[in-house]
Amino acid sequence: MEEVPREAPRSPAAEALAEAAAETLITVDSPASMQELGRRIAGLLRPGDLVLLTGELGAGKTTLTRGLGEGLGVRGAVTSPTFVIARVHPSLGDGPPLVHVDAYRLGGGLDEMEDLDLDVSLPESVVVVEWGDGKVEELSDDRLHVVIGRAVGHEEVLDDVREVALRGVGERWAGAGLAELAGLTAR
């Protein structure tokens, strides 16, 4: 097998830091709590951030993004972009716009998403990609992965309960304060 050289060499310390992923697990018990978590995450976001959301249908990805939009202070109702693929929500103030993408129907990786010009939007925006795992990681070495899963247990009791794993990848997220978000029910 031929080894492919990296684009830019890093020092061993920088490589270790980039590989280290800050991870926080949070339990949310309602859609309102999921939206509040989104508002809290928005407080950590800045222009150029890429956020990947993973979870089954109905897990709460769009609800979390709605909270991100509220926290970022953007214009327009944040709804699922499933049928339009991407929506841009301009900032109502001096913050970054929110680009909300749904990659569910896109089979290819970054090549298929090139028409969306995410690489152009990313430096000045916060880009949130639902179903983006395995498709858009190449956009940035630094990204926030959010995985939302249903809590396992008796359906009547746990229907709205979700386990949310936040994992920051890259230097940007080292020490970014993800653990402080666990003010909701956390473990």
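Rules used in this analysis
- Residues numbered from 1 in each chain as written.
- Predicted model: local features only at pLDDT ≥ 70, side-chain atom pairs only at ≥ 80, totals over all residues.
- Heavy atoms only, no water.
- UniProt positions renumbered as here; feature names shortened; annotations may be inferred.
- Helix = DSSP H or I, 4+ residues; strand = E, 2+ residues; numbered from the N terminus.
- Buried < 20%, exposed > 50% of the residue type's maximum accessible area, 1.4 Å probe, protein only.
- Contact = heavy atoms within 4.5 Å.
- Areas by Shrake-Rupley, 256 points an atom, 1.4 Å probe, with all protein chains shown as cover.
- Phe/Tyr/Trp six-rings, centres within 6.5 Å; stacked < 30°, edge-to-face > 60°.
- Lys NZ or Arg CZ within 6 Å of the ring centre and 35° of its normal.
- Polar contact = N/O pair within 3.5 Å; in protein donor to acceptor, adjacent residues only side chain to side chain.
- pLDDT = per-residue confidence, 0-100.
- Salt bridge = Lys/Arg side-chain N within 4 Å of Asp/Glu carboxyl O.
- Lys, Arg positive; Asp, Glu negative; His and termini not counted.

- As recorded by an unreviewed UniProt entry, the protein carries the name tRNA threonylcarbamoyladenosine biosynthesis protein TsaE and is attributed to Streptomyces katrae.
- The record in UniProt for the protein states the following under Subcellular location (unreviewed entry): "Cytoplasm".

1. Some details on the overall build of the protein
- A count of helices and strands for the protein gives six helices and seven strands.
- Tracing the protein from N to C terminus, the helices and strands come up as α-β-α-β-α-β-β-α-α-β-β-α-β.
- The buried share among the 187 residues of the protein stands at 44%.
- Across the protein, the fraction of contacts at a sequence separation of at least 24, relative to all contacts at a separation of at least 6, is 66%.
- Accessible area for the protein stands at about 9800 Å²; split by element, carbon and sulfur atoms hold 52% of it.

2. Section: the packing of aromatic side chains
- Counted according to the given criterion, the structure contains zero aromatic pairs.
- Against the face of Trp173 rests Arg172, its NZ or CZ located 4.0 Å from the ring centre.

3. Some remarks on the environment of Asp142
- Looking at the element boundaries, Asp142 is found in the loop between strand S5 (126-130) and strand S6 (143-150).
- We classify Asp142 as partly exposed; its relative accessible area is 26%.
- The sequence separation of Asp142 and Asp49 amounts to 93 residues, and the corresponding C-alpha distance is 7.5 Å.
- Among residues more than four places away in sequence, those in contact with Asp142 are Leu50, Val169, Gly170, Glu171, Arg172 and Trp173.
- One polar contact links the side chain of Asp142 to the main-chain amide nitrogen of Glu171, over a distance of 2.8 Å.
- In this structure the side chain of Asp142 is engaged in a polar contact, spanning 3.2 Å, whose partner is the backbone nitrogen of Arg172.

4. Considering the confidence of the model for the protein
- Predicted confidence across the protein gives a mean pLDDT of 78, with 70% of residues reaching 70 or more.
- Every residue in residues 1-20 is under pLDDT 50, and counting partners more than four places away or in other chains gives 13 contacts.

5. Section: the pattern of salt bridges
- Tallied over the full model, the rule gives five salt bridges.
- Salt-bridge contacts for Arg172 lead to Asp49; the nearest nitrogen and oxygen are separated by 2.7 Å. Within this pair, whereas Arg172 is found in the segment after strand S7 (162-169), its partner Asp49 is found in the loop between helix H2 (31-42) and strand S2 (50-54), the two being separated by 123 residues in sequence. Here the two residues Arg172 and Asp49 agree in accessibility, since each one is buried.
- Note that Arg150 is salt-bridged to Glu56, the shortest N-O span being 2.4 Å. Here Arg150 is found in strand S6, whereas its partner Glu56 is found in the loop between S2 and helix H3 (61-72), with 94 residues between them in sequence.
- Using a relative accessible area of 35% as the deciding quantity, one classes Arg150 as partly exposed.
- Among the charged side chains, a salt-bridge network with shared partners connects Glu36, Arg39, Arg40 and Glu70.

6. Remarks on the environment of Ala182
- When you line up the elements, Ala182 lands in the segment after S7.
- Among the residues examined, Ala182 registers a relative accessible area of 23% and is labelled partly exposed.
- The spatial distance from the C-alpha of Ala182 to the C-alpha of Val28 is 9.8 Å, given a sequence separation of 154 residues.

7. Section: the side chain of Lys61
- Its place among the elements puts Lys61 in helix H3.
- Buried and without a salt bridge, Lys61 has Glu130 as its closest oppositely charged side chain, separated by 4.8 Å.
- Polar contacts involving the side chain of Lys61 include one to the main-chain carbonyl oxygen of Gly55, which spans 2.9 Å.
- Those residues in contact with Lys61 that sit more than four places away from it in its chain are Leu53, Thr54, Gly55, Glu56, Glu130, Trp131 and Ile148.

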